[in-house]
Amino acid sequence: MLCLEAHAKINWTLDILGKREDGYHLMDMLMQSISLSDTLWLEPADELTLEGAQDEAAHEQQADSRPGALESAAVCYDQSNLVYRAALLLKERYGVRQGARMRLIKRIPSGAGLGGGSADAAAALLGLNELWKLQLSRQALLEAGLSLGADIPFLLTGGLARVGGIGEAITPLAPAPRLWLLLMQPCGGLSTREVFSAFDSLPPGALAHPDTEAAQAALLSNNPSVLAAAMQNVLEGVSLRARPAMQEAIAALESSGALRAMMTGSGSVVYGLYKDEAHARAAHASLQRQAERLGWGRVWLAHTLP
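Residues numbered from 1 in each chain as written. Predicted model: local features only at pLDDT ≥ 70, side-chain atom pairs only at ≥ 80, totals over all residues. Heavy atoms only, no water.

Caption draft 1: Region of the structure containing the side chain of serine 239. Within the secondary structure layout, serine 239 lies in helix α9 (residues 236–242). Of the residues examined, serine 239 reaches a relative accessible area of 0% and is grouped as buried. Here the side chain of serine 239 touches serine 266 through a polar contact of 3.1 Å, landing on its backbone oxygen. In contact with serine 239, not counting residues within four places along its chain, are Leu190, Val195, Met246, Met263 and Ser266. (Helix = DSSP H or I, 4+ residues; strand = E, 2+ residues; numbered from the N terminus. Buried < 20%, exposed > 50% of the residue type's maximum accessible area, 1.4 Å probe, protein only. Polar contact = N/O pair within 3.5 Å; in protein donor to acceptor, adjacent residues only side chain to side chain. Contact = heavy atoms within 4.5 Å.)

Below, the structure is given as structure tokens:
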């Protein structure tokens, strides 16, 4: 049996440089893996199956290192799930006759901009490559991942990276510092397609673009204060108009001491960057009480991964 951790990601910056003729957007992003994760188990079987699982004891024992609730809003474990689709792609592309029993614990919230489904698919590609002894190259896995979703190539790579093109151009960056975050999802999930469509309808220059070079330099020099000033997500204004509660959550994070708070991906999770672990932990309890009072649900304590 194989056990894989499928780590979420955040966007430090998200910029859109243009649009291809096929409708895909050309991106320029700084992305980093974080400690919040799902868990995928794989074992040999005659048929291909996927099921949800729970492991509350393991979650309680690892609450600090793998924060997140054992809850999976609107997660389907049928053939529409990206894990199943990733497995089916490998079977069909490489003539695999074996099956696999796949069990998935969801901790990463859905419709969040954290890449949860894509991270699960990336874990499935890596794990099934080993389980089925396919010996696929990294490039073959990246190409398979891109055909399923634009975030999957980065999530196969992990760490800190500059990501361009439609998600396939990945430049790993090092050293990647450990930075502490609080994450909130104050509203329902957002449709990525609808957010990009709304962005496309705006006149040029309507939204602020990030200074990705400055943010990259700040990350590599481990300077959170300078990073906070450079962070920006060009989709944020569109998503905030659709979900005003996200703006309230951003304000709450910054009032709690975050150096900067903003949306990741196309939403609906917003996160705050804190000076260090102590400041993040100090803010966590009070923000959780506030979130419960306002009906926002869970506040996740997390840190970035190298």
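After that view of the structure, there is still more to cover.
Caption draft 2: Looking closely at the packing of aromatic side chains. Evaluation of the coordinates by the stated rule reveals one aromatic pair. Where tryptophan 12 meets tyrosine 271, the ring centres are 5.8 Å apart and the plane angle is 80 degrees; that geometry is what we call edge-to-face. Taken together, the residues span a long stretch of sequence, with tryptophan 12 in strand β1 (residues 2–19) and tyrosine 271 in strand β10 (residues 270–274) at a distance of 259 residues. One exposure class covers both tryptophan 12 and tyrosine 271, and it is buried. (Phe/Tyr/Trp six-rings, centres within 6.5 Å; stacked < 30°, edge-to-face > 60°.)

Caption draft 3: Up close: the pairing of strand β6 (residues 169–173). Where strand β5 (residues 160–165) lies against β6, five bridges are found, and the strand directions are antiparallel. What sits directly across from arginine 162, in β6, is threonine 171. Connecting the antiparallel pair β5 and β6 is a turn made up of three residues, with glycine 167 showing a positive phi of about 125 degrees. (Pairing = 2+ DSSP bridges.)

Caption draft 4: Spotlight on the pattern of salt bridges. Applying the stated criterion across every chain, the model contains nine salt bridges. Of the charged contacts in the structure, one is a salt bridge between glutamate 43 and arginine 101, with a shortest N-O distance of 3.2 Å. Here glutamate 43, found in strand β2 (residues 25–45), pairs with arginine 101, found in strand β4 (residues 99–105); they are 58 residues apart in sequence, far enough to count as distant. When its relative accessible area of 31% is taken as the criterion, arginine 101 is described as partly exposed. Residues arginine 281 and glutamate 277 are paired through a salt bridge, measuring 2.8 Å at the closest nitrogen-oxygen approach. Linking arginine 281 with glutamate 277, this pair stays in helix α11 (residues 277–294), spanning four residues, or about one helical turn. Arginine 281 gets classed as partly exposed once you look at its relative accessible area, which sits at 34%. A single salt-bridge network, built from bridges that share partners, covers Asp28, Arg162 and Glu213. (Salt bridge = Lys/Arg side-chain N within 4 Å of Asp/Glu carboxyl O.)

Geometry only, nothing functional implied.
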